[in-house]
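Each chain is listed here by its residues.
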Amino acid sequence: MTDIEHTLREALQQGQKDAEAGRAPDFDTVFAAAEASVSQRRRRTTAMGGIAAAIVVAAVLVIGQMRPAERDWQYVDPDEFANSTSWAAPSDVLLPEHRFDIFGDIPVLIESTDTDEGALL
Amino acid sequence: MRDSDVLVNNPHVSRSALEAMHGQVFGWALSRCDFEQAVAEDLVQQAYVELLTGKARFDGQSSLKTFVFAVVQNLSRNRYRRLAARMRLLGKAAPEAGADVAQLEEPAEHNELWKAVQELPARQRDIVELVFCRDMTIEEASAVMGVTTGTGRVHYDRAKKTLKGRLAND
């Protein structure tokens, strides 16, 4: 260590001692406060975990109750099934109507009166 | 280290070891917050909480003192980041209100050289304090500050030069 470092160390340590003199709080008090803070945090975490678990259980119960009630399954009775079914003949009422003008729409056939060996051409 | 003394979540740290360095840790916390007693007490308590919960886990790679000092340093940085963010918000809402919050307690009266140290740039002030007041090596001080040893050495040399000039003037 050089002389200047030695001088600086002595002077600064004195300054530091003056600045901090009697200001440090009791270790036991600070450490106890830290321990209390940790245990409080732990209790809070446990409580939050408990609340979260309770919410999950409540949600599962509510969702479980919202499910449809279970039915007694049974085979279909053919007679009952047939009676519950009605059948109607197909109808064309829903089909579009196809109407045409027999005078206007039918093309005029070209007729010939010329004959060939007695037959009309 | 007595077995009953060891922290449950930090098997390499004992209560008695923390007690032995409590004064130094508190001094370091004080200088991290412009000598505000209440803030320093909060910082130290928070550091102990981090050690008790094992969030800051000491694995013996450095000395315990270096480790605890680094924990305090990180906590104070986080605190200043939060404060800065809050002040930016306050500044946006009402610029005068931000100025009020920034006002901090004046440090107590010390000798001239101590005052000169307080006027150094933050990194230089930190390394001077750690080396000269807390008896750390430059390597240890750099580890606490979170910089490389080379960078720490540069800050140390610059600070020493400034203080040497100050000593010569006095």
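For the structure itself, consult the block above.
None of these values were measured; they are calculated from a predicted model.

Rules of the game
- Residues numbered from 1 in each chain as written.
- Chains lettered and ligands numbered in written order.
- Predicted model: local features only at pLDDT ≥ 70, side-chain atom pairs only at ≥ 80, totals over all residues.
- Helix = DSSP H or I, 4+ residues; strand = E, 2+ residues; numbered from the N terminus.
- Expected span 1.5 Å × (residues − 1).
- Buried ≥ 20, exposed ≤ 12 C-beta atoms within 10 Å, placed from the backbone.
- Contact = placed C-beta atoms within 7 Å.
- Axes fitted to C-alpha atoms, helices over the stretch in contact; angles between N-to-C directions.
- Parallel < 35°, antiparallel > 145°, perpendicular 65-115°, else oblique.
- Nonpolar A, V, L, I, M, F, W, Y, C, P; charged D, E, K, R; others polar.

(A) Representation of helix α3 (residues 37–53) of chain B in the model. Residue and element names in this part refer to chain B. In a regular helix each residue adds 1.5 Å, so 17 residues correspond to 24 Å; α3 covers 24 Å between its end C-alpha atoms and thus fits that length. Among the residues of α3, A40, E41, L43, V44, Q45, Q46, A47, Y48, E50, L51 and L52 are the ones counted as buried. One or two positions beyond α3, positive phi appears at G54, with a value near 85°.

(B) Structural context of the interface of chain A and chain B. If you look at the interface, chain A gives 24 residues, while chain B gives 30 residues. For the side of chain A that touches chain B, the elements supplying multiple residues, two or more each, are α1 (3–20) and α2 (27–66) of chain A. Considering each element in turn, the side of chain A that touches chain B owes the most residues, 13 residues, to α1(A).

(C) Structural context of the packing of α1(A) against helix α7 (residues 122–133) of chain B. Contact geometry of α1(A) with α7(B) gives a least axis separation of 9 Å together with a crossing angle of 100°. Taken together, the axes of α1(A) and α7(B) are roughly perpendicular relative to one another. Across from A:L8, A:R9, A:L12, A:Q13 and A:Q16 in α1(A), the residues of α7(B) making contact are B:V128, B:F132 and B:C133. Of the residues contributing to the contact of α1(A) with α7(B), the split by class is five nonpolar, two polar and one charged.

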